[in-house]
Amino acid sequence: MLLVRLLAAAIGDGALDLVTADGRRRRIGAGVPALTLRLHDRRVERDLLLNPRLRLGEAYMDGRLSVDGGSIYDLLALLMTDSSVQGALGRVLETLSPALRLLQQHNPARRSRRNVEHHYDLSRRFYELFLDRDMQYSCAYFPQPGLTLDEAQEAKKRHIAAKLLLVPGMRVLDIGCGWGGMALYLARMTGARVTGITLSSEQLAVARERAAAAGLSDRVTFELRDYRELAASGTERFDRIVSVGMFEHVGVPHYRTFFEAVRSLLTVDGAALLHAIGRLDGPGSTNPWIRKYIFPGGYSPALSEVLPAIEASGLLSTDVEILRLHYAETLHRWRSRFEARREEARALYDERFCRMWEFYLAGAELSFRTQGHMVFQIQLARSLGAVPLVRDYMVDAERDLARTEAQTGAQAMTPARSARPAESAA
C-alpha cells in the first residue's frame, strides 16, 4: 500500500496505526503506537498520496480523517520528523518552487490588502479568545522560563523598545501596527509620538478605540495605509521605525522596495527595528496548506534572502538577534488557550473553522520546534553613528523600562479587552 510507505517514511523511528475507510488496520513502524489515524472515505488515501502537505490539513478540516489516542498536534509531531515527504504532486511543485514563489509572493498594494483582510479581519472576539490582554499577535519573548503569555508579551515590547533607544518627542512609525499594542506601549513608556499603519480595517478600529481610551490620541495615530504609499508621498520622516510580524507578508520580490521605503522614511540619524519570522536552514517555500487557508502571499525568509536586499537599499545592519524557541513557546500558550475556549470559537464560526485553527496552531508550533523556523530582529540605520558602538545600552534600557513598569504598575497598560482569570505559566 503506497500510503503506508509514505507514512513510514514520514514517521521515521515512530509507530502509527492506520485504519482505512474499509475498516482494515495496518501497523506502521516498530513498537506499539499510541496513535491511530482513521480515514473516513476512500478519496483521502488518494489525496494524501498526491499532495500530503496540502491534503492532510484539508481532510482534517473536513472531518474526513481523525486521530484516536491523541490530538492533531500529536499526529503532526509524529509526521513532521521528516519534512522531505512531499507526495507525487508535492515533488513536482517543489521542483517548480523557485518559479512559483515569484508568483505566490507577488504582493502589490491591492493584493496585499486582500491578503491581510483574509486573516486579520476576523472577529476581534475570536482573537480575544487566545491572545494576551494586549492582543500581541506575534512572537513573545521569554527571558526567563515559566513566564505567562501576558508577561512574555510585555517583555517582547520592552526588548524592542530598548533596541529603538527612544527619547521623549521622537517620531516613530509602526509598520503593520496590528491592534495598536506596540505603538501605545512606546508612546506611554518613552514619550514618543507614534504613527501606526495597517491594512486591516478591523485592527484599525480597535487600535483607534484603544488610543482614545488610554488618553493617547494626541500622541498616537493610526491609519489604513500601505508602507509604499507613505514612502511615495515623500512628506514624512521618522526618527525610528518598527515593524513586528508584518515582513512575512511582504514577499521576496518586494524586499528591496520595502527596505528602500524604510530608508526614505528614516531621518539621516534614524534607526529601525525589524522583527519577523525566518528560516535557519536556507530559502524554502511556504507550506501550501498555510498559504491557501491561513496566510495567502505569506513567506518566512532565510537571512540570506533578507540581508542582500538591505545592502542594496543603502541601509546598514547594526545588530542582528535570533530568537529560536520563543515562538514555539508563544504558540504553545496560544494553542492551550484556544483549546480551553474552543466552544466559544465554534459559536463565532463553525466546527470546520475550529479544526482549521487547531491544525494551524499545532503545525506552526512544531515548525519552530522541529523544522528550522525562528524569529530574527534586525536593527537598521542610515549612518554608522546612529546607535551606540556597543550593545550595553540595550540591556540598560531594558532594565530601566522594567523598573518604570514596576513603579507605574501593570495596569498602566491599556488592555484590548476586559481582564480574564490569571493564567498558569505551564
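Treat the numbers as computed from the prediction; the structure is a model and nothing was measured.

**A few points about the overall build of the protein chain**
Right, so step 1: Summing up its helical and strand segments, the protein chain has 19 helices and eleven strands in all.
Right, so step 2: For the protein chain, with 426 residues in total, the buried portion stands at 57%.
Right, so step 3: Looking at the protein chain alone, contacts between residues at least 24 apart form 74% of all its contacts between residues at least 6 apart.

**Comments concerning helix α1 (residues 2-11)**
Right, so step 1: Those residues of α1 not exposed but buried are Leu3, Val4, Leu6, Leu7, Ala10 and Ile11. Down the axis of α1, the buried set is contained in an arc of 160°. They therefore lie on one face. Facing away from the buried side of α1 by over 90 degrees, the exposed positions are Leu2 and Arg5.
Right, so step 2: Positive backbone phi, approximately 60°, marks Gly12, located one or two places after α1.

**Topic: the environment of Arg341**
Right, so step 1: Counting through the fold element by element, Arg341 comes out in the loop between α16 (326-340) and α17 (342-348).
Right, so step 2: A sequence separation of 211 residues divides Arg341 from Phe130, and the C-alpha atoms of the two residues are 7.9 Å apart.

**With respect to the pairing of strand β3 (residues 36-39)**
Right, so step 1: In the sheet, strand β1 (residues 15-19) pairs with β3 via three bridges, with the strands oriented parallel. Bridge pairing links Asp17 to Thr36 in β3.
Right, so step 2: Pairing of β3 with strand β4 (residues 65-68), which is carried by four bridges, proceeds in the antiparallel orientation. Paired with Leu39 across the two strands is Leu65, which belongs to β4.

**Some remarks on the nonpolar core**
Right, so step 1: Phe126, Tyr127, Phe130, Tyr137, Trp289, Trp357 and Tyr360 are the most contacted members of the largest nonpolar core, which has 67 residues in total.
Right, so step 2: Looking at which element gives the most residues to this core, the answer is helix α18 (residues 351-370), with eleven residues.
Right, so step 3: The next biggest cluster of nonpolar side chains, apart from the first, holds 30 residues, and it includes Val250, Leu265, Ala309 and Met374.

**Section: empty space enclosed by the protein**
Right, so step 1: For the structure shown, the criterion picks out three cavities of 30 Å³ or more.
Right, so step 2: Surrounding the second largest cavity, Ile175, Ile241, Ser243, Phe258, Phe259, Val262, Ala272, Leu273, Leu274 and Leu380 form its lining.
Right, so step 3: Elements represented by at least two residues in the lining of the second largest cavity include exactly β8 (238-244), α13 (255-265) and β9 (266-279).
Right, so step 4: Class assignment of the residues belonging to the lining of the second largest cavity gives a composition of nine nonpolar, one polar and no charged.

**Some words on the packing of aromatic side chains**
Right, so step 1: All chains considered together, the criterion is met by 30 aromatic pairs.
Right, so step 2: Ring geometry for Trp289 and Tyr293: centres 5.7 Å apart, planes at 35°, overall tilted. On the criterion of helical spacing, the pair formed by Trp289 and Tyr293 is a turn pair, its members being four residues apart in helix α14 (residues 288-293).
Right, so step 3: We classify Trp289 as buried; its relative accessible area is 1%.
Right, so step 4: Considering the side-chain rings of Phe353 and Trp357, the 6.2 Å spacing of their centres and the 35° angle between planes classify their relative orientation as tilted. One end of the pair is Phe353 and the other is Trp357, both in helix α18 and four residues apart, which spans about a single turn.

**As for the pattern of salt bridges**
Two side chains bearing opposite charge may form a pair once their charged atoms approach each other closely.
Right, so step 1: Tallied over the full model, the rule gives 36 salt bridges.
Right, so step 2: Ionic pairing is found between Arg55 and Glu58, a salt bridge with its closest N-O pair at 2.6 Å. Of this pair, Arg55 and Glu58 both sit in helix α3 (residues 52-61), separated by three residues, roughly a single helical turn.
Right, so step 3: The partly exposed category is assigned to Arg55, whose relative accessible area is 31%.
Right, so step 4: Among the charged side chains, a salt-bridge network with shared partners connects Glu329, Arg333, Arg335, Glu339, Glu365 and Arg369.

**Considering helix α2 (residues 42-50)**
Right, so step 1: Buried residues of α2: Val44, Asp47 and Leu48, and no others. Across the axial projection of α2, the buried residues extend over an arc of 95°, all falling on one side.

**A closer look at the sheet that holds strand β2 (residues 25-29)**
Right, so step 1: If you walk across this open sheet you meet the four strands as β2-β1-β3-β4, and the pairing is mixed. This sheet does not close on itself; its edge strands, each paired only once, are β2 and β4. With direction set aside, neighbouring strand axes in the sheet form an average angle of 25°.
Right, so step 2: Lying over the sheet, α1 contacts β1, β2 and β3, oriented at roughly 155° with respect to β1.
Right, so step 3: Sitting on the sheet, helix α4 (residues 72-79) touches β1, β3 and β4, and the angle it makes with β1 is about 120°.

What counts, and at which threshold
Residues numbered from 1 in each chain as written. Predicted model: local features only at pLDDT ≥ 70, side-chain atom pairs only at ≥ 80, totals over all residues. Heavy atoms only, no water. Helix = DSSP H or I, 4+ residues; strand = E, 2+ residues; numbered from the N terminus. Buried < 20%, exposed > 50% of the residue type's maximum accessible area, 1.4 Å probe, protein only. Contact = heavy atoms within 4.5 Å. Arc of directions from axis to C-beta. Pairing = 2+ DSSP bridges. Core = buried A, V, L, I, M, F, W, Y, C linked by side-chain atoms within 4.5 Å. 1 Å grid on protein atoms, 1.4 Å probe; cavity = no way out; pocket = protein on both sides within 12 Å on 5 of 7 lines; lining within 4 Å. Points joined across faces, edges and corners; volume = space filled by probe spheres on them. Nonpolar A, V, L, I, M, F, W, Y, C, P; charged D, E, K, R; others polar. Phe/Tyr/Trp six-rings, centres within 6.5 Å; stacked < 30°, edge-to-face > 60°. Salt bridge = Lys/Arg side-chain N within 4 Å of Asp/Glu carboxyl O. Axes fitted to C-alpha atoms, helices over the stretch in contact; angles between N-to-C directions.

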